[in-house]
Amino acid sequence: MQRNVINPASVFNSLQYGFSQAIEVPVGRRILLSGQVGVDAQERTVGPGMAEQVATSLDNIEKILAEVGGDLSHVVMLRLYIVESARDQQEPIAEALRERFPHNPPPSSWIIVSGLSLPQWLIEVEAEAVITLK
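Values in this document were obtained by computation on a predicted structure and should not be read as measured data. (Residues numbered from 1 in each chain as written. Predicted model: local features only at pLDDT ≥ 70, side-chain atom pairs only at ≥ 80, totals over all residues. Heavy atoms only, no water.)

Q: Looking at this structure, how should I read the nonpolar core?
A: The tendency in soluble globular proteins is for nonpolar side chains to be buried as a group. Leu58, Ile61, Val75, Leu78, Ile93 and Ile123 are the most contacted members of the largest nonpolar core, which totals 28 residues. Those elements that provide at least two residues to this core are helix H1 (50–67), strand E4 (75–83), helix H2 (90–100) and strand E6 (123–131). Residues contacting Val75, with those up to four places away along its chain left out, are Arg3, Ile61, Leu65, Phe101, Pro106, Ala127, Glu128 and Ala129. (Core = buried A, V, L, I, M, F, W, Y, C linked by side-chain atoms within 4.5 Å. Buried < 20%, exposed > 50% of the residue type's maximum accessible area, 1.4 Å probe, protein only. Helix = DSSP H or I, 4+ residues; strand = E, 2+ residues; numbered from the N terminus. Contact = heavy atoms within 4.5 Å.)

Q: Sorry if this is basic, but what is going on with the environment of Ala22 here?
A: Mapped onto the fold, Ala22 is located in strand E2 (residues 22–24). A sequence separation of 82 residues divides Ala22 from Asn104, and the C-alpha atoms of the two residues are 10.0 Å apart.

Q: Even after reading the chapter, I still don't get the confidence of the model for the protein, so can you show me in this structure?
A: In low-pLDDT segments, the atomic positions of the prediction should not be examined closely. Residues with a pLDDT of 70 or more make up 98% of the protein, whose mean pLDDT is 94. Taken element by element, the predicted model of the protein shows its lowest mean pLDDT in E2 (88) and its highest in E4 (98). (pLDDT = per-residue confidence, 0-100.)

Q: Please clarify how the pattern of salt bridges should be interpreted in this entry.
A: Pairing between side chains becomes possible if they bear opposite charge and their charged atoms approach one another. According to the stated counting rule, one finds nine salt bridges in the structure shown. Put simply, Glu62 and Arg100 hold a salt bridge, and the shortest N to O gap is 4.0 Å. Of this pair, Glu62 sits in helix H1 while Arg100 sits in helix H2, and the two are 38 residues apart along the sequence. The network of salt bridges with common partners includes Arg30, Arg79, Glu126 and Glu128. (Salt bridge = Lys/Arg side-chain N within 4 Å of Asp/Glu carboxyl O.)

Q: What should I look at first to understand the sheet that holds E4 in this one?
A: Sheet strands pair via backbone hydrogen bonds, and the direction of the pair is either parallel or antiparallel. Spatially, the four strands line up as an open sheet ordered E3-E6-E4-E5, and their pairing is mixed. Edge positions in the sheet fall to strand E3 (29–32) and strand E5 (108–113), since each of these pairs with one other strand and no more. For this sheet, the mean angle separating the axes of adjacent strands, direction not counted, is 10°. Where E3 meets E6, four bridges bridge the pair, whose relative direction is antiparallel. The partner of Arg29 across the bridge, within E6, is Ile131. Where H1 meets the sheet, its contacts fall on E3, E4 and E6, and the angle it forms with E6 comes to roughly 30°. On top of the sheet, H2 reaches E4, E5 and E6; it is set at about 155° to E5, its chief contact. (Pairing = 2+ DSSP bridges. Axes fitted to C-alpha atoms, helices over the stretch in contact; angles between N-to-C directions.)

Q: What am I meant to see in the packing of aromatic side chains here?
A: Centre-to-centre distance and the angle between the planes together describe a pair of aromatic rings. For the structure shown, the criterion picks out three aromatic pairs. With 6.1 Å between their ring centres and 50° between their planes, Phe19 and Trp110 make a pair best called tilted. Within this pair, whereas Phe19 is found in the loop between strand E1 (4–6) and E2, its partner Trp110 is found in strand E5, the two being separated by 91 residues in sequence. Residue Trp110 is classed as partly exposed on the basis of its relative accessible area, which comes to 22%. Grouped by ring-pair contacts, the aromatic residues Phe12, Tyr17, Phe19 and Trp110 constitute a single cluster. (Phe/Tyr/Trp six-rings, centres within 6.5 Å; stacked < 30°, edge-to-face > 60°.)

Okay, structure coming up:
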């Protein structure tokens, strides 16, 4: 996929946190994904920790994109909704993003919220992807 990641030296270095400042994608099919939480295919929460929940959220995004011929390299924007009680658990999130997006990571917004649909959920990850037209 043709894309231009934008990380100007005139703003802070977001790459250390696993995301870019902006991305330009000239053409493709735009895929908008619902927010994904740390649940498996049987709707079981994967674990109480942020690391497990963010990893599963990203796994779910990857599986959904595979259904339309894409993968994580097609992600052009992430929105992460982090519950207030997990505000101090941002390093596992950054680590997961650096692992899944080691080169030219997508931009992202990290939003602190009072809660999610179930009290055991710590994070919800919403994604947008662009898959190159063939």
